[in-house]
Amino acid sequence: NAGVTQTPKFQVLKTGQSMTLQCAQDMNHEYMSWYRQDPGMGLRLIHYSVGAGITDQGEVPNGYNVSRSTTEDFPLRLLSAAPSQTSVYFCATGRATGELFFGEGSRLTVL
Amino acid sequence: AQKITQTQPGMFVQEKEAVTLDCTYDTSDPSYGLFWYKQPSSGEMIFLIYQGSYDQQNATEGRYSLNFQKARKSANLVISASQLGDSAMYFCAMREGPSTDKLIFGTGTRLQVFP
């Protein structure tokens, strides 16, 4: 039972490069979200989705794109990476009103 | 706008003692949920406990209990009989509204348990 799978776990990018963080879940949850975690800032919501074909912005959406074509997958795209996007990224899923289930995190460094 | 405040950047507790981690929140929605998550040094986020705004009793899960004081808008986590493995970051989070998993997190408290 994989739960929530994030790939890659580590990535180093140069400023201006693009990449996609993948998130896949096998829990059949409608809700999926992306958070970033920075020292002293807790977790901040980037984008979320309440179902296939539906996405919305969170607290810090600038510089990130998402799409949700299936229930299982919710990729996060960085179109032109900036050093300010150096962070640890978490994907999470859940059912409405219930707890969130987190992936193991993806550590991104932008040089 | 909803807001979660954790005012203790770090806490120390001796093994087998109880410790309280503070969390205050602000929301105008009468329906909300409060969560605590643990993040050990390995980095994963572990769900600990949940309290709904309409729940009459304080939530408990094993050694964890949530001291919910609605009028004071506080949702403190109490860990009884601390263990060395409890050393971690602890995050308080809030869901605003009855049917969403959109959580807002506090900045966290680092708990260190010493022998």
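Values in this document were obtained by computation on a predicted structure and should not be read as measured data. (Residues numbered from 1 in each chain as written. Chains lettered and ligands numbered in written order. Predicted model: local features only at pLDDT ≥ 70, side-chain atom pairs only at ≥ 80, totals over all residues. Heavy atoms only, no water.)

Draft legend 1. Broad picture of the sheet that holds strand 1 (residues 4-7) of chain A. All names here are of chain A. Read from one edge to the other, the open sheet built from 4 strands follows the order 1-3-8-7, with strand pairing classed as antiparallel. For this open sheet the edge positions go to strand 1 and strand 7 (64-66), each flanked by a neighbour on one side alone. Direction aside, neighbouring strands of the sheet carry axes that sit 20° apart on average. (Pairing = 2+ DSSP bridges. Helix = DSSP H or I, 4+ residues; strand = E, 2+ residues; numbered from the N terminus. Axes fitted to C-alpha atoms, helices over the stretch in contact; angles between N-to-C directions.)

Draft legend 2. Quick look at the state of the cysteines. Scanning all chains against the criterion turns up 2 disulfides over all chains. The residue that forms a disulfide with C23 of chain A is C91 of chain A, at a sulfur-sulfur distance of 1.9 Å. With the S-S dihedral at roughly -70°, the linkage between C23 of chain A and C91 of chain A falls on the left-handed side. Here C23 of chain A, found in strand 3 (residues 19-25), pairs with C91 of chain A, found in strand 9 (residues 87-94); they are 68 residues apart in sequence, far enough to count as distant. Residue C23 of chain A shares its accessibility class with C91 of chain A, and that shared class is buried. Put simply, C23 of chain B and C92 of chain B are joined by a disulfide, and their sulfur atoms are 2.0 Å apart. For the disulfide bridge between C23 of chain B and C92 of chain B, the dihedral angle about the S-S bond is near -65°, and by the sign convention the bridge is left-handed. Here C92 of chain B lies in strand 10 (residues 88-96) and C23 of chain B lies in the loop between strand 3 (19-21) and strand 4 (24-26), a separation of 69 residues in the sequence. The burial state of C23 of chain B is the same as that of C92 of chain B; both residues are buried. (Disulfide = S-S within 2.5 Å. Buried < 20%, exposed > 50% of the residue type's maximum accessible area, 1.4 Å probe, protein only.)

Draft legend 3. Inspection of the packing of aromatic side chains at higher detail. According to the stated counting rule, one finds 14 aromatic pairs over all chains in the structure shown. Look at Y35 of chain A and F105 of chain B: their rings are 5.3 Å apart centre to centre, the planes differ by 85°, and that puts the pair in the edge-to-face class. On the criterion of chain membership, the pair formed by Y35 of chain A in strand 4 (residues 31-38) and F105 of chain B in strand 11 (residues 103-105) is interchain, its members lying in two chains. The exposure class of Y35 of chain A is buried, given its relative accessible area of 0%. Look at F105 of chain B and you get buried, because its relative accessible area is 7%. Measuring from ring centre to ring centre gives 5.1 Å for Y25 of chain B and Y32 of chain B, while their planes differ by 50°; the resulting arrangement is tilted. For Y25 of chain B, a relative accessible area of 4% gives the class buried. Note on Y32 of chain B: relative accessible area 7%, which makes it buried. Lying over the aromatic face of Y64 of chain B, R63 of chain B brings its terminal NZ or CZ to 5.7 Å of the ring centre. (Phe/Tyr/Trp six-rings, centres within 6.5 Å; stacked < 30°, edge-to-face > 60°. Lys NZ or Arg CZ within 6 Å of the ring centre and 35° of its normal.)

Draft legend 4. The pairing of strand 9 (residues 74-79) of chain B, seen in detail. All names here are of chain B. Burial within strand 9 is extensive, with 5 of its 6 residues counted as buried. When strand 3 meets strand 9, the two strands line up antiparallel, connected through 3 bridges. Looking across to strand 9, one finds that T20 is bridged to V78. Alignment of strand 8 (residues 64-69) against strand 9, held across 6 bridges, turns out to be antiparallel. Note that in strand 9 the partner of Q69 across the bridge is S74. Between the antiparallel neighbours strand 8 and strand 9 lie 4 residues, among them K73 with a positive phi of about 55°.

Draft legend 5. Structural detail: the interface of chain B and chain A. Taken together, the contact pairs 18 residues of chain B with 18 residues of chain A. Carbon and sulfur atoms make up 59% of the surface buried where chain B meets chain A, a total of about 1500 Å² over both sides. Our count for the chain B to chain A interface comes out at 0 salt bridges. Taken together, the elements giving at least two residues each to the side of chain B that touches chain A come down to strand 5 (32-39), strand 6 (46-52), strand 10 and strand 11 of chain B. In terms of residue count, strand 5 of chain B provides more of the side of chain B that touches chain A than any other element does, 3 residues in total. Grouping the amino acids of the side of chain B that touches chain A by side-chain chemistry returns 9 nonpolar, 6 polar and 3 charged. (Contact = heavy atoms within 4.5 Å. Buried area = accessible area lost by both parts, 1.4 Å probe. Salt bridge = Lys/Arg side-chain N within 4 Å of Asp/Glu carboxyl O. Nonpolar A, V, L, I, M, F, W, Y, C, P; charged D, E, K, R; others polar.)

Just distances and angles here, no functional claims.
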